2 protein chains.
Amino acid sequence: MEDAQELNHKKDSGQYHIPYYQIPIDKFFQFGLSVDCVVFGYQDGILKILLIKRGAEPFKGQWAIPGDLVYPNEDIDVAVRRILHDLTGLDNLYFEQTKVYGQVDRHPIGRVVTVGYYSLINIENYNPHASAWADSVYWIDVNDVPKLAFDHNLILNNGLKTLRYSVRNRPVGFELLPTKFTIGQLQSLYEGLLNEKYDKANFRKRILSMNMLRELKENQINVPHRPGRLYSFDKEKYDQLKSKGFSFEL
Amino acid sequence: MEDAQELNHKKDSGQYHIPYYQIPIDKFFQFGLSVDCVVFGYQDGILKILLIKRGAEPFKGQWAIPGDLVYPNEDIDVAVRRILHDLTGLDNLYFEQTKVYGQVDRHPIGRVVTVGYYSLINIENYNPHASAWADSVYWIDVNDVPKLAFDHNLILNNGLKTLRYSVRNRPVGFELLPTKFTIGQLQSLYEGLLNEKYDKANFRKRILSMNMLRELKENQINVPHRPGRLYSFDKEKYDQLKSKGFSFEL
DNA sequence: CCAAAAGTGTTCATTCTACACCCATGG
DNA sequence: CCATGGGTGTAGAATGAACACTTTTGG
């Protein structure tokens, strides 16, 4: 989050407040809470984002990222799982909190604070669903994102920054790939995500030297070139390494 | 946040929900919102945390980290600045969002979602204040933290993890030091924070090679050893480097 | 004088980078 | 046969770790 988490030295805006104890406590319990989730997928070398056409007011019919109000008796991560499930039919998706958006006027119908998330999904398993809050769902190239409802363009951009940062410092990129992948596919993913070029020999040595990939006894099939060896991410090995002080880099 | 942001693959807890459209919209606007801030200071090689004795119910009289309800018409970062100002008399403090805590039952008087922050202050400028929500304020050694109100021990520990992570990847450590400091002081800070030992020659070379310190024409005074050259952090230079792709490490 | 921390230079090992080369497949 | 990406080895450069040595202050 090198970029997403800026140094923060801004001055107080000068807003004025009635002292705490002179305001009835009920006044403090009028916030709405929502979650909004930037869902990433990766296909043919292109990073894509799930956008919906909103099925409810406000901003009905407009583009938005998936999200919904949190129920009064619902934990926040349960709400995220609910939304992701309703949207994709998938459970156990990877997701991570990014940032809270709480501008007083960010929502037209009242004070709604929203918690931003990003989620990574393997596009091959994806199964689109409409739902109560989404008329329809589309994968959009990350470079073609239209104007979105609320402050969703901001949330999306911060989600993207966070993803780009996370992917260098934690082994999360694998979530975007099929379970079995070649080193070449992994390299293209990183190159696409970070907009860089790596030497294939060096990339290979680097990633294999981390000892967190399990080499399978299988190769690619039906490719018009020498088929690559398949690997899968070995979470147990990674956790073990991490506990010994190892830290993923690039 | 290598550790603070865990891979998140938990299953849905199985909570059950009445469909969205059958619940009156008012029911969704009954959340309270608060901010809680882990305030770090550094003195004599020891990392310290500002704790308060709560001056209001619930948990009146108990240890807690500084925090307060957000006003219905108040932006969240304005609330953070307000709290830090009331607490320390200082403005323009460094602070950064960590994580949202939204467990349904985390607050005894209702559904209060809190946004966690950490803040860094130069202990020399510190000026303690009591306030509406704090009877008294103390610096506590990070290793002697008592049992705290609410889920504040959790918030504190996550704040500490975040600090330890940030300090390696962004030049935030300087916020804990006086404006003018020696390389030795900087090294001790890092050693204390991260619980490591560095070679002084190598540490010096490394930090100076980053070109983000301004060498002053002043030395330490009144020290019983050769006085060290004073430096200050040059934010302009750092921003310039960052925009050229430089990234702070350790 | 001594203790204590500042500050510098050099050596050796490790890691990174660039690049050349061979391999296996489909068309 | 070719094009395409898979896969390996190596030399030289850059970086990092360890450590010895000199300097300047107060007591």
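None of these values were measured; they are calculated from a predicted model.

Visitor: Just to check I follow, could you spell out the pattern of salt bridges for this structure?
Guide: Inspection of every chain in the model, using the stated rule, returns 21 salt bridges over all chains. With a closest N to O distance of 2.9 Å, arginine 170 of chain B and glutamate 96 of chain B form a salt bridge. Here arginine 170 of chain B is found in the loop between helix H2 (152-169) and helix H3 (183-194), whereas its partner glutamate 96 of chain B is found in strand E5 (residues 94-101), with 74 residues between them in sequence. An identical accessibility class is assigned to arginine 170 of chain B and glutamate 96 of chain B; each is buried. Through salt bridges with shared partners, one network takes in Asp68, Glu74 and Arg82 of chain A.

Visitor: Quick question: what am I supposed to make of the protein's contact with DNA strand D here?
Guide: Residues in contact with DNA strand D amount to 22 residues; listed here are only the nearest, Lys200, Arg204, His225 and Arg229 of chain A together with Arg226 of chain B. Within 4 Å of the protein, the contacting atoms of DNA strand D are drawn from sugar and phosphate to the extent of 48%. One of the side-chain nitrogen or oxygen atoms of lysine 205 of chain A is found 2.8 Å away from a base oxygen of DNA strand D. Between arginine 226 of chain B and DNA strand D, the recorded distance is 2.8 Å, taken from a backbone N or O atom to a base oxygen. Breaking the surface near DNA strand D down by element, the ones donating at least two residues are helix H4 (200-209) of chain A together with helix H4 (200-209) of chain B. In the surface near DNA strand D, the residues fall into 7 nonpolar, 6 polar and 9 charged.

Visitor: Teacher, can you tell me more about the protein's contact with DNA strand C here?
Guide: Around DNA strand C, a shell composed of 21 residues is seen, among which Val223 and His225 of chain A together with Lys200, Arg204 and Arg229 of chain B lie nearest. Here the atoms of DNA strand C within 4 Å of the protein split so that 51% fall in sugar or phosphate, with bases taking the remainder. A distance of 2.4 Å separates a base oxygen of DNA strand C from a polar side-chain atom of lysine 200 of chain B. Contributing elements (two or more residues each) for the surface near DNA strand C: H4 of chain A together with H4 of chain B.

Conventions used here
Residues numbered from 1 in each chain as written. Chains lettered and ligands numbered in written order. Predicted model: local features only at pLDDT ≥ 70, side-chain atom pairs only at ≥ 80, totals over all residues. Heavy atoms only, no water. Salt bridge = Lys/Arg side-chain N within 4 Å of Asp/Glu carboxyl O. Helix = DSSP H or I, 4+ residues; strand = E, 2+ residues; numbered from the N terminus. Buried < 20%, exposed > 50% of the residue type's maximum accessible area, 1.4 Å probe, protein only. Near = heavy atom within 4 Å. Polar contact = N/O pair within 3.5 Å; in protein donor to acceptor, adjacent residues only side chain to side chain. Nonpolar A, V, L, I, M, F, W, Y, C, P; charged D, E, K, R; others polar.

Nothing here speaks to function; it is all geometry.
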